[in-house]
Amino acid sequence: MRHTVLTGDRPTGLLHLGHYFGTLANRVKLQHEHTMYVLVADYQVITDRDLPGEIQQHITGLLLDYLAVGLDPAKVTIFQHSAIPELNQLLLPFLSLVSMAELSRNPTVKDEIAHSRQKAVSGLMFTYPVHQAADILFCKGTLVPVGKDQGPHVEVTRLVARRFNERYAPVFPVPELLLGEAPVLRGLDGGKMSKSRGNAIPLSATADETAALIRRARTDADRLITFDEDNRPEVAGLLTLAGLCLGRSPAEIADEIGYGGAAELKKTVTEAVNEFLAPIRRRRAEISEADARDVLRAGNTRARERAVATLDEVRDAMGF
Ligand code: TRP
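Predicted model only: the values in this text are computed from it and were never measured. (Residues numbered from 1 in each chain as written. Predicted model: local features only at pLDDT ≥ 70, side-chain atom pairs only at ≥ 80, totals over all residues. Heavy atoms only, no water.)

**Q** Tell me about helix H11 (residues 261-286), residues and numbers included.
**A** Across its 26 residues, H11 extends 38 Å between first and last C-alpha, which sits within 8% of the 38 Å expected from 1.5 Å per residue. At Ala278, H11 is bent by approximately 40 degrees, the largest bend along its length, and proline Pro279 sits one to four residues beyond. (Helix = DSSP H or I, 4+ residues; strand = E, 2+ residues; numbered from the N terminus. Expected span 1.5 Å × (residues − 1). Bend = angle between axes of the 7 residues up to and from the residue.)

**Q** Residue-level account of the side chain of Glu112, with values.
**A** Within the element layout of this structure, Glu112 appears in helix H5 (residues 107-115). Look at Glu112 and you get buried, because its relative accessible area is 18%. In this view, Glu112 contacts Arg10, Met125 and Tyr128; residues no more than four positions away in its chain are not counted. (Buried < 20%, exposed > 50% of the residue type's maximum accessible area, 1.4 Å probe, protein only. Contact = heavy atoms within 4.5 Å.)

**Q** Account for the site of the ligand, with residues named and values stated.
**A** The environment of the ligand is made up of 13 residues, and the closest members are Arg10, Gln44, Gln132, Asp135 and Gln150. Interatomic distance of 2.7 Å between a side-chain N/O atom of Asp135 and a nitrogen atom of the ligand. Within the side chain of Gln150, a nitrogen or oxygen atom sits 2.9 Å from a nitrogen atom of the ligand. In isolation the ligand offers 360 Å² of accessible surface; the protein chains occlude 89% of this area. Among the secondary structure elements, those contributing two or more residues to the shell around the ligand are strand E1 (4-9), helix H6 (123-137) and strand E4 (143-146). Taken together, the residues of the shell around the ligand sort by class into six nonpolar, five polar and two charged. (Near = heavy atom within 4 Å. Polar contact = N/O pair within 3.5 Å; in protein donor to acceptor, adjacent residues only side chain to side chain. Areas by Shrake-Rupley, 256 points an atom, 1.4 Å probe, with all protein chains shown as cover. Nonpolar A, V, L, I, M, F, W, Y, C, P; charged D, E, K, R; others polar.)

**Q** Let's hear about the nonpolar core: which residues, and what values?
**A** Leu17, Tyr66, Ile78, Ile201, Leu241 and Val273 are the most contacted members of the largest nonpolar core, which totals 54 residues. Broken down by element, this core gets its largest block of residues, nine residues, from helix H2 (residues 55-69). Formed jointly, this core draws a minimum of three residues from each of two domains, domain 1 (4-182 + 288-318) and domain 2 (207-284). Ranked by size, the runner-up nonpolar core spans 33 residues in total, among them Ala41, Leu87, Ile136 and Val154. (Core = buried A, V, L, I, M, F, W, Y, C linked by side-chain atoms within 4.5 Å. Domains from an automatic or database assignment.)

**Q** Go over the packing of aromatic side chains, please, and point to the residues and values.
**A** Tallied over the entire structure, the rule returns 10 aromatic pairs. Between Arg10 and the ring centre of Tyr128, over which it is positioned, the NZ or CZ distance is 5.1 Å. (Phe/Tyr/Trp six-rings, centres within 6.5 Å; stacked < 30°, edge-to-face > 60°. Lys NZ or Arg CZ within 6 Å of the ring centre and 35° of its normal.)

**Q** Quick rundown of the packing of H2 against H11? Include the residues and the values.
**A** It is at 8 Å that the axes of H2 and H11 come closest, and there the two elements cross at 125 degrees. By the angle between their axes, H2 is oblique relative to H11. H2 and H11 meet at a crossing whose hand is right-handed. Facing Gly61, Leu64, Asp65, Leu67, Ala68 and Val69 of H2, the residues of H11 in contact are Ile280, Arg283 and Arg284. Considered class by class, the residues forming the contact of H2 with H11 number five nonpolar, one polar and three charged. (Axes fitted to C-alpha atoms, helices over the stretch in contact; angles between N-to-C directions. Parallel < 35°, antiparallel > 145°, perpendicular 65-115°, else oblique. Left-handed = near helix turned anticlockwise from the far one by under 90°.)

**Q** Can you tell me about the pairing of E4, naming the residues and giving the values?
**A** Side-chain alternation along E4 places Leu143 and Pro145 on one buried face and Val144 and Val146 on a second face that is also buried. By the bridge criterion, four bridges tie E4 to strand E5 (residues 176-179) in an arrangement that is parallel. Within E5, the position partnered with Val146 by the bridge is Leu179. Where the polypeptide runs from E4 across helix H7 (residues 151-167) and back to E5, its parallel neighbour, the crossover connection is right-handed. (Pairing = 2+ DSSP bridges. Right-handed = clockwise from strand over helix to strand, strands pointing away.)

**Q** Help me get a handle on the packing of helix H3 (residues 85-95) against helix H12 (residues 289-318), residues and values and all.
**A** Where H3 contacts H12, the axes come no closer than 9 Å and their chain directions differ by 25 degrees. In terms of orientation, H3 lies roughly parallel with respect to H12. In this structure, the crossing between H3 and H12 has a hand that is left-handed. When H3 is examined against H12, the residues Pro85, Glu86, Gln89, Leu90 and Pro93 are found in contact with a partner set consisting of Arg304, Ala307, Val308, Leu311, Val314, Arg315 and Met318.

**Q** Explain the pairing of strand E3 (residues 76-80) to me, and be specific about the residues and the numbers.
**A** Most of E3 is tucked away: five of the five residues are buried. Here E3 shows no split at all, with Val76, Ile78 and Gln80 on one side and Thr77 and Phe79 on the other all buried. By the bridge criterion, five bridges tie strand E2 (residues 35-40) to E3 in an arrangement that is parallel. Bridged to Val38 within E3 is Ile78. At this point the chain moves from E2, through H2, to the parallel E3, and the crossover so formed is right-handed.

**Q** A description of the domain arrangement of the protein chain should follow, citing residues and the corresponding values.
**A** Here the protein chain is partitioned into domain 1 (4-182 + 288-318) and domain 2 (207-284). One C-alpha centre belongs to domain 1, the other to domain 2, and the line joining them spans 33 Å. Residue-level contacts link 10 residues of domain 1 with nine residues of domain 2. Between domain 1 and domain 2 the total buried area reaches about 810 Å² when both faces are included, carbon and sulfur atoms providing 73% of it. Sorting the residues of domain 1 by area buried against domain 2 places Leu17, Phe21 and Ala68 first, and these three jointly supply 62% of that buried surface. The interface formed by domain 1 and domain 2 includes one salt bridge. Applying the counting rule to domain 1 against domain 2 returns two residue pairs in polar contact (both at pLDDT 80 or more). (Buried area = accessible area lost by both parts, 1.4 Å probe. Salt bridge = Lys/Arg side-chain N within 4 Å of Asp/Glu carboxyl O.)

See the structure below:
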């Protein structure tokens, strides 16, 4: 079955290896079999911070990451929130379909509020999941490949689609969540790899930067390297990373390192990561920032046509 796949990212910083193994690799695969949209979720940046910050720079960086890992603009429509006003117009009727209680009990929103550094929680914090429903439904998305934290937002989307169809007319498919298969990648301190924790290896890091990051990674004092997720999370994280890059099992790599200790482990990981990133770096070097912006401009045009058509259908169904 041919799906319409929609997924996206907030342009808040560099994508890293956790993103790659968590979702980007899967996107590159899906683009060959399905109709695919990838969203640069620029308006979503202001959900948990006051200002969009270096937004243009982050958008260009995100585009370069996408193109470098092999998303093909001939196959994928890459577009951004701020270029599609019709998305915002879908938000209004969609908001009428969900209750305040439903908005307030979204676990991902609660978690973001708990970690927020803002003085006040904005209305957007509670309503952006409905805007995200518009992201998914404007193109009649049927499959949403994302991490587990996005599950509640896909649930909101399903609710909105079902209720719109019941209340007005059957306009929307009810999309499905597609969870990544790869385990959550640990960062260089043993915690979840995340740009905000500063423990990540960016896809755009040079070979030297990568080596320096891995040199500083946390390990332990036991010279015998073993793969033990529960008792040695830092070492296990590094072995998992090497395993993913080499397409091999982490336990096997641990056996080979044996009594080599942290130094040998880090050498193995550095080589594996650098070899893995080499073709991605090569592609990135071939793409100019102007080319990347052209890709976005073309994607915006395509996505907007789709959004205009869906908004027309929505207005019709509602009798406006
Ligand atoms: N909320 C997602 C994130 O923070 C980004 C996003 C916005 C998204 N709209 C989407 C993901 C629609 C999937 C589908 O990473």
